[in-house]
Amino acid sequence: MTGRFFTALCPGVFLRVLRCKREEKVIIFGYSSLTTFFLIFMLSLIFPRRNWAFGGERMEQRKKLNFISKGVKRFVAVLISRSSRVYAVGEAGVDSYEEYGVPIKLLKSLPYTKDFSVYQSKKKEYGKKVIVATARLVPSKKIDQLIRVFSDISGDFPSWSLQIIGDGKMRKQLEWSVPESLRGRISFHGFAGPEMQSEIYAGADIFVLPSIRDGWGMVIVEAMAAGLPVITTHGVVAGRDLVRDGENGFLVPVGQDEPLSASLRKAMAGGLDLKKMGENARGSASRYDVEKVADDLVADILTGWCCRE
């Protein structure tokens, strides 16, 4: 299917939802397509007491949003506030909807999840002095920043290496940016499935993702499930939810080299118990196990929604 399908108005879906019996419950995820937007609009006007819910990642609060974008988001916040539940992806997502005026009593975190057991290798070792990053190689992931910072501090830590998993339009550019003296210490694996990722994580000590923003950031949870301390930014929702400075990783400001460099130096200098931090990370990730998230969602659907009087 093409992207146009998802932006089209689909009358069949629209009619199917409107014909639902009162006891049936509907969750509408997102508002960017015409179908979902009009469903939200109609349900909020015609059936404000009906058992319907909205789900979405988060409401952006970026300063660069123009007044039209901000107006649309505020209008959507008014509409979804007439539902029986609003599911946001992560606690940071919950905060963003509340900032736009959605009542806190309607809000609940519903993080993305999957089966993380494949990442929990029994062969996990620490002390290999390996940093790993997994990301699409596009500008927003800031892997260029990671390479630059690692290159700057590499002379102080000659036994450490950086391994990069992922592919994208910036791959050749990033490969060429690696100083010739470090081409034996900075390697690119390309795209890797869960099994290959697990093998690489088993021999790594730290995971880094310096993204500008991520609506969730599943690779954060995957890495933590593998027992890796995580260094990431405040722009990554999963990082904001899971990472605790000094306990299971570090959170750094978006786009700033010095805080990223300082956190890497702490982790690489040998003064931290990376194994203990990795165990803490694995415990943090366990809260997002697919069965736990699914059970919580089912319980909320069965008992947590209430039509407004």
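Residues numbered from 1 in each chain as written. Predicted model: local features only at pLDDT ≥ 70, side-chain atom pairs only at ≥ 80, totals over all residues. Heavy atoms only, no water.

Asks: Tell me about the pattern of salt bridges, and please be specific about residues and values.
Replies: Per the stated rule, a full pass over the model turns up nine salt bridges. Measuring nitrogen to oxygen at the nearest pair gives 3.6 Å for the salt bridge that ties Glu125 to Lys128. What makes Glu125 partly exposed here is its relative accessible area of 42%. Using a relative accessible area of 44% as the deciding quantity, one classes Lys128 as partly exposed. Between Asp214 and Lys141 there is a salt bridge, with the nearest N and O atoms lying 2.5 Å from each other. Residue Asp214 is found in the loop between β8 (206–209) and α9 (218–225), and its partner Lys141 is found in the loop between β5 (130–134) and α6 (143–153); the two are separated by 73 residues along the sequence. Looking at Asp214, the relative accessible area reads 11%, which means it is buried. You can call Lys141 buried: its relative accessible area is 8%. Taken together, the salt bridges that share partners define one network made up of Asp167, Arg171 and Glu175. (Salt bridge = Lys/Arg side-chain N within 4 Å of Asp/Glu carboxyl O. Buried < 20%, exposed > 50% of the residue type's maximum accessible area, 1.4 Å probe, protein only. Helix = DSSP H or I, 4+ residues; strand = E, 2+ residues; numbered from the N terminus.)

Asks: Explain the confidence of the model for the protein chain to me, using residue names and the numbers behind them.
Replies: For the protein chain, per-residue confidence averages 89 on the pLDDT scale, and residues scoring 70 or more make up 91% of the total. The low-confidence segment residues 1–7, where pLDDT is below 50, has six contacts with residues more than four positions distant or belonging to other chains. (pLDDT = per-residue confidence, 0-100. Contact = heavy atoms within 4.5 Å.)

Asks: Describe in detail the nonpolar core, supporting the description with residues and values.
Replies: By size, the foremost hydrophobic cluster in this structure holds 63 residues, and its most contacted members are Ile131, Ile147, Ile186, Ile206, Phe207, Leu264 and Met268. Filtering out sequence-adjacent residues up to four positions away, Ile206 remains in contact with Val130, Ile131, Val132, Trp160, Leu228, Pro229, Ile231, Ala267, Met268 and Leu274. Counting 23 residues, the second-largest nonpolar core is a separate cluster that includes Cys20, Ala77, Ala88 and Leu107. (Core = buried A, V, L, I, M, F, W, Y, C linked by side-chain atoms within 4.5 Å.)

Asks: Quick rundown of the sheet that holds strand β1 (residues 26–29)? Include the residues and the values.
Replies: Taken in spatial order, the four strands make up an open sheet running β1-β2-β3-β4, and their pairing is parallel. Sheet topology places β1 and β4 (107–109) at the edges, where each strand pairs with a single neighbour. Along the sheet, successive strands turn relative to each other by an average axial angle of 25 degrees, direction set aside. Note that strand β2 (residues 52–56) and strand β3 (residues 85–88) share four bridges and pair parallel. Directly across from Ala53, in β3, lies its bridge partner Arg85. Its contacts with the sheet place helix α5 (residues 91–99) against β2, β3 and β4, and it is angled at close to 160 degrees to β4. (Pairing = 2+ DSSP bridges. Axes fitted to C-alpha atoms, helices over the stretch in contact; angles between N-to-C directions.)

Asks: Now, about a nonpolar patch on the surface: what can you tell me, with residues and values included?
Replies: Taken together, the side chains of Phe67, Ile68 and Val72 present a nonpolar region at the surface, about 330 Å² in accessible area. With a relative accessible area of 53%, Ile68 lands in the exposed category. (Patch = residues over 30% accessible without salt bridge, like charges linked within 9 Å, V, L, I, M, F, W, Y side chains within 5 Å. Areas by Shrake-Rupley, 256 points an atom, 1.4 Å probe, with all protein chains shown as cover.)

Asks: How would you explain the packing of aromatic side chains if you had to name every residue and give the values?
Replies: Counted according to the given criterion, the structure contains eight aromatic pairs. Measuring from ring centre to ring centre gives 6.1 Å for Phe54 and Tyr97, while their planes differ by 70 degrees; the resulting arrangement is edge-to-face. Of the two residues, Phe54 sits in strand β2 while Tyr97 sits in helix α5, which places them 43 residues apart along the sequence. The residues Phe54 and Tyr97 share a single accessibility class, namely buried. One residue, Lys124, lies across the ring of Tyr126, its end atom 4.3 Å from the ring centre. (Phe/Tyr/Trp six-rings, centres within 6.5 Å; stacked < 30°, edge-to-face > 60°. Lys NZ or Arg CZ within 6 Å of the ring centre and 35° of its normal.)

Asks: I'd like a description of helix α3 (residues 34–46), backed by residues and values.
Replies: For α3, which comprises 13 residues, the first-to-last C-alpha distance of 18 Å matches the rise-based estimate of 18 Å (1.5 Å per residue) to within 8%. The complete set of buried residues in α3 reads Thr35, Thr36, Leu39, Ile40, Leu43 and Ser44. In a view along the axis of α3, the buried residues occupy a sector of 150 degrees, so they form one face of it. (Expected span 1.5 Å × (residues − 1). Arc of directions from axis to C-beta.)

Asks: Quick rundown of helix α12 (residues 274–286)? Include the residues and the values.
Replies: Compared with the 18 Å implied by 1.5 Å per residue over 13 residues, the 18 Å span of α12 between its first and last C-alpha is a close match. All buried positions along α12 are accounted for by Leu274, Met277, Gly278, Ala281, Ser284 and Ala285. The arc that holds every buried residue of α12, seen down its axis, measures 115 degrees, which confines them to one face. Buried residues along α12 sit against β8, α9, α10 (237–242), β10 (249–252) and α11 (257–268). Backbone nitrogen of Lys275 and a side-chain oxygen of the N-cap are separated by 3.3 Å at the start of α12; the cap is Asp273. (Polar contact = N/O pair within 3.5 Å; in protein donor to acceptor, adjacent residues only side chain to side chain.)

Asks: Any details on the packing of α6 against α11? Residues and values, ideally.
Replies: Packing of α6 against α11 leaves a shortest axis separation of 10 Å and a crossing angle of 55 degrees. When the interaxial angle is binned, α6 and α11 end up oblique. Crossing angle aside, the handedness with which α6 passes α11 is right-handed. Counted together, Gln145, Leu146, Arg148, Val149, Phe150 and Ile153 of α6 and Asp257, Leu260, Ser261, Leu264, Arg265 and Met268 of α11 form the full contact between these two elements. Of the residues assigned to the contact of α6 with α11, the class counts are seven nonpolar, two polar and three charged. (Parallel < 35°, antiparallel > 145°, perpendicular 65-115°, else oblique. Left-handed = near helix turned anticlockwise from the far one by under 90°. Nonpolar A, V, L, I, M, F, W, Y, C, P; charged D, E, K, R; others polar.)

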